[in-house]
Amino acid sequence: MRPARGFTLIEVLVALVIVAIALAAGIKAAGALAGNAERLAEVSAAQWCAENQLTELRLTGQFPDIGDTPFACEQLGRSYRGKLKVGPTPNPLFRRVDAEIANDQGQPVLSLSTIMGRLS
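Rules and cut-offs
- Each chain has its residues counted from 1, following the order in which its sequence is written.
- Given that the model is predicted, a residue must reach a pLDDT of at least 70 before its local features are reported, and side-chain atom pairs must reach 80 or more before they are shown or counted; all residues, however, enter totals for whole chains, interfaces and linings.
- Just so you know, side-chain values use all the structure's heavy atoms and leave hydrogens and water out.
- Segments assigned H or I by DSSP are reported as helices when at least four residues long, segments assigned E as strands when at least two residues long, and all are numbered from the N terminus.
- Using C-alpha atoms as the atom set, the radius of gyration is obtained and then compared with a globule rule of 2.2 Å times the number of residues to the power 0.38.
- Buried, partly exposed and exposed residues are distinguished by accessible area as a fraction of the type maximum, computed with a 1.4 Å probe on protein chains only: under 20%, between the cut-offs, and over 50%, respectively.
- Areas reported as accessible are Shrake-Rupley estimates using a 1.4 Å probe. Residue values count occlusion only from the protein chains shown.
- In this tally, Lys and Arg are treated as positive and Asp and Glu as negative; His is ignored, and so are the chain termini.
- Charged groups are reduced to one reference atom each: NZ for lysine, CZ for arginine, CG for aspartic acid, CD for glutamic acid.
- The criterion for strand pairing is that DSSP finds at least two bridges linking the strands in question.
- Criterion for a salt bridge: a side-chain nitrogen of Lys or Arg within 4 Å of a carboxyl oxygen of Asp or Glu.
- Each nonpolar core is a collection of buried residues, namely Ala, Val, Leu, Ile, Met, Phe, Trp, Tyr and Cys, held together in the definition by side-chain atoms within 4.5 Å.
- Any two residues having at least one pair of non-hydrogen atoms within 4.5 Å are treated as being in contact.
- What counts as an axis is a line fitted to C-alpha atoms, over the stretch in contact for a helix, and the angles between N-to-C directions run from 0 to 180 degrees.

Student: Tell me about the overall build of the protein chain, residues and numbers included.
Tutor: Secondary structure summary: the protein chain contains one helix and four strands in total. Scanning the protein chain from its N terminus toward the C terminus, one meets helices and strands in the order α-β-β-β-β. In terms of overall size, the protein chain is more extended than a compact globule, its C-alpha atoms giving a radius of gyration of 27 Å where 120 residues would be expected to give roughly 14 Å. For the protein chain, the spread of C-alpha atoms along the three principal axes comes to 105 × 30 × 20 Å. Going through the 120 residues of the protein chain one by one, you find that 24% of them count as buried. Carbon and sulfur atoms make up 62% of the accessible area of the protein chain, which totals about 8,900 Å². Taken as two groups, the 12 positive and 11 negative side-chain charges of the protein chain have centres that lie 8 Å from each other.

Pasting the structure below:
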């Protein structure tokens, strides 16, 4: 009589567990990549909004007044709410300007800062 050849039930189950763990890790990694791509698109669009507001402020050529100014922006089909915060600096000839961007649910997405000087 010849001994039986093949795998035992335990060996087959161990192999299936290993395959299941590998597939679960692959699915989790794919989900993380999709989430990261979505976040990158959201941050990029928010940065465009902030840069547009800061550039517009520079192009006016006026020294900004201290205070907060809300604004709205739409990029890539998404709506963003923002606020320009103008604050003093130790040198009275300069002002700090922060553009804070939030998504339409009000969650902060990006904050971009610059310094603006008084033009004589």
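Student: Give me the lowdown on the pairing of strand β2 (residues 78-88), citing residues and values where you can.
Tutor: With nine bridges joining them, strand β1 (residues 67-75) and β2 adopt antiparallel strand pairing. Along β2, the bridge assignment pairs Ala72 with Arg81. Hairpin connection between β1 and β2: a loop of two residues separates the two successive antiparallel strands, and Leu76 in this loop has a positive phi of roughly 55°. Across nine bridges, the pairing between β2 and strand β3 (residues 94-103) is antiparallel.

Student: How would you explain the pattern of salt bridges if you had to name every residue and give the values?
Tutor: Within the structure shown, the criterion is met by four salt bridges. A salt bridge links Glu42 to Arg39; its shortest N-O distance comes to 3.4 Å. With a gap of three residues between them, Glu42 and Arg39 both fall in helix α1 (residues 9-60), about one helical turn apart. Residue class for Arg39 comes out partly exposed when judged on its relative accessible area of 40%.

Student: Tell me what's going on with the nonpolar core, and back it up with residues and numbers.
Tutor: Counting 17 residues, the largest nonpolar core has Ala46, Tyr80, Leu84, Val97, Ile101 and Leu110 as its most contacted members. Counting residues per element, the ones that place at least two in this core are α1, β1, β2, β3 and β4 (108-117). Ranked by residues supplied to this core, first place goes to α1 with six residues. Sequence-distant contacts of Tyr80, that is, excluding residues within four places in its chain, are made with Glu42, Ala45, Ala46, Cys49, Phe71, Ala72, Cys73, Gln75, Ile101, Ala102 and Asn103.

Student: Describe the sheet that holds β2, with residues and values.
Tutor: Here we have four strands laid out as an open sheet, ordered β1-β2-β3-β4, and antiparallel in their pairing. Of all the strands in the sheet, the pair left with one neighbour each is β1 and β4. This sheet shows a mean twist of 20° between the axes of neighbouring strands, independent of strand direction. The strands that α1 touches are β1, β2, β3 and β4; relative to β4, the one it contacts most, it runs at about 25°.

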